[in-house]
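Each chain is listed here by its residues.
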Amino acid sequence: MTWISELARQTPTLAPGAWIPTGSDWGTHPAWLDTSSGAMRSETRFVDVLVIGAGQAGLAAAHELNRRGMRGFADGTSLAGTYQVLDAEVRPGGAWQHRWSTLTMATVNDIADLPGLSVGPHEPDDQASHVIPEYFTRYEEAFDLPIMRPVFVHSVHRDAGGYLVTTTAGTWQARAIINCTGTWSRPFIPHYPGIHSFAGLQMHTQDYRGPNQFTRKRVAVVGGGISATQHLAEIAPVAKSTAWFTRREPQWIESGGKLTSGLDVERSVRERVEKGLRPLSVVAATGLLVTASVREALAAGVFKRRPMFTRIEPDGLVQENGKLWRADSILWATGFRSELRHLAPLKLRTKYGGVMMSGTAVAGEPTLHLLGYGPTASTVGARWGARKAVRELIKVLGID
């Protein structure tokens, strides 16, 4: 299956901190796809705060640490109030550099400015996979953020001095951790009977590269989120036929094409994670945006939702009514899970599958903060979450 081969892809082992320019091709191979690199042994490096991940949440956290007087880690130099950012990507841009080329600035959810520097002018048709990584690059350079890449974090253990962290760039000891690893590296595909028997192409949103790969194909799109509607709107004009399978009826919202989450949505998401429940998707909390492209597809009858199928056959999907919908391809737009596997030794998961939170901190663990998790998953959420997390950590660590 496509997603299995994608995750199994091997990439060259890179020296810690290496940066490889790729010209116009922003689709790079991050450290989390390199299964050949194990944890590297080294003398332990000591730092007050370790930030894991340099996407929007990691950059907001690093900026706030800078603003509060923290200094970048300098190997061999004993300084109080130090921090370091570790990122598994080869270059700036987080998950945005891996998005499909047809995802434009007109079709992404609202991208808010990170603190201290605006995204700047761009055209609606500009590729998000170019604009946002370029913005993140300017951001890192403008504030001279101490980011080491590509570095994959293998594990985090509790230690007498705080946390012991094993990585492809050696061993670190940190008094506190701000985890900002997002979700892109954890595509979720639900299991259905017969899933491995399907004779056609299967892929996840993570593998999607645009509609041309589905020209004159019978395509089943599975999932009720924003990605599913974007894929359907693009694929329907070139495909032989499409079918949309979701667990529940879509809830369409008219808001001028802009996401208006509001305090009620933020509150409901926060309440869930503070109970240790798994965070809901954006759509579960807000509904589906009716953008210009979605409106056209609605008018064309593209979004005729079907209940979830019961099993998969080699040549299609068996529907709830027992009829077979013949398919050449299945596109799983079924979302992602939070990338927290490196935190497994800390045993944070509750019986409900989530992590019990108290604000941005793990409940009962004030030196471990999760940004990009729950209510801080958006750019706006990352901004206020970074301020809150850093303010609390400086107080807990006693750093003036």
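Structure's up top.
Residues numbered from 1 in each chain as written. Predicted model: local features only at pLDDT ≥ 70, side-chain atom pairs only at ≥ 80, totals over all residues. Heavy atoms only, no water.

(A) Focus on the environment of Trp 244. Relative to the elements of secondary structure, Trp 244 occurs in strand S10 (residues 241–246). In this structure Trp 244 comes out as buried when scored by relative accessible area, which is 1%. Linking Trp 244 and Arg 306, residues 62 residues apart in sequence, is a C-alpha distance of 5.9 Å. A polar side-chain atom of Trp 244 sits 2.7 Å from the main-chain carbonyl oxygen of Gly 223. (Helix = DSSP H or I, 4+ residues; strand = E, 2+ residues; numbered from the N terminus. Buried < 20%, exposed > 50% of the residue type's maximum accessible area, 1.4 Å probe, protein only. Polar contact = N/O pair within 3.5 Å; in protein donor to acceptor, adjacent residues only side chain to side chain.)

(B) Structural view of the nonpolar core. If you look at the biggest cluster of nonpolar residues, it comprises 60 residues, and the most contacted ones within it are Val 49 and Ile 178. Ranked by residue count, the leading element in this core is helix H8 (residues 379–397), at seven residues. If sequence neighbours within four positions are ignored, Val 49 has contacts with Leu 65, Met 70, Thr 82, Tyr 83, Gln 84, Ala 176, Ile 178, Leu 393 and Leu 397. Formed by 26 residues, the second largest nonpolar core is a distinct cluster that contains Val 165, Trp 172, Leu 340 and Val 362. (Core = buried A, V, L, I, M, F, W, Y, C linked by side-chain atoms within 4.5 Å. Contact = heavy atoms within 4.5 Å.)

(C) Examining the packing of helix H2 (residues 56–67) against H8 more closely. Two elements in contact, H2 and H8, have axes whose closest approach is 8 Å; the angle formed by their N-to-C orientations is 40°. Handedness of the crossing formed by H2 with H8: right-handed. The segment H2 lies against H8, with Gln 56, Ala 57, Ala 60, Ala 61, Glu 64 and Leu 65 engaging Thr 379, Ala 382, Arg 383, Ala 386, Arg 387 and Val 390. (Axes fitted to C-alpha atoms, helices over the stretch in contact; angles between N-to-C directions. Left-handed = near helix turned anticlockwise from the far one by under 90°.)

(D) The arrangement of the sheet that holds strand S16 (residues 324–326) in detail. One open sheet holds the three strands; their spatial order is S14-S15-S16, and the pairing between them is antiparallel. Both outer strands of the open sheet, strand S14 (311–313) and S16, are each paired with one neighbouring strand and no more. Going from strand to strand, the sheet's axes swing by 25° on average, the running direction of each strand aside. Bridge count between strand S15 (residues 316–318) and S16: three bridges; the pairing is antiparallel. Bridged to Val 318 within S16 is Leu 324. (Pairing = 2+ DSSP bridges.)

(E) Summary view of the side chain of Ser 338. As for its placement among the helices and strands, Ser 338 is situated in the loop between strand S17 (329–332) and strand S18 (357–358). Judged by relative accessible area, which is 15%, Ser 338 ranks as buried. The residues touching Ser 338, leaving out its near neighbours within four places in the chain, are Gly 182, Thr 183, Arg 186, Arg 349 and Tyr 373.

(F) How the structure looks around the pattern of salt bridges. Enumeration according to the criterion identifies 10 salt bridges in this entry. A salt bridge links Lys 388 to Glu 392, with the shortest nitrogen-to-oxygen separation between them at 2.8 Å. Of this pair, Lys 388 and Glu 392 are both found in helix H8, four residues apart, which corresponds to roughly one turn of the helix. Since its relative accessible area comes to 23%, Lys 388 is described here as partly exposed. Each of the salt bridges in this network shares a partner with another, and the network as a whole consists of Asp 87, Glu 140 and Arg 149. (Salt bridge = Lys/Arg side-chain N within 4 Å of Asp/Glu carboxyl O.)

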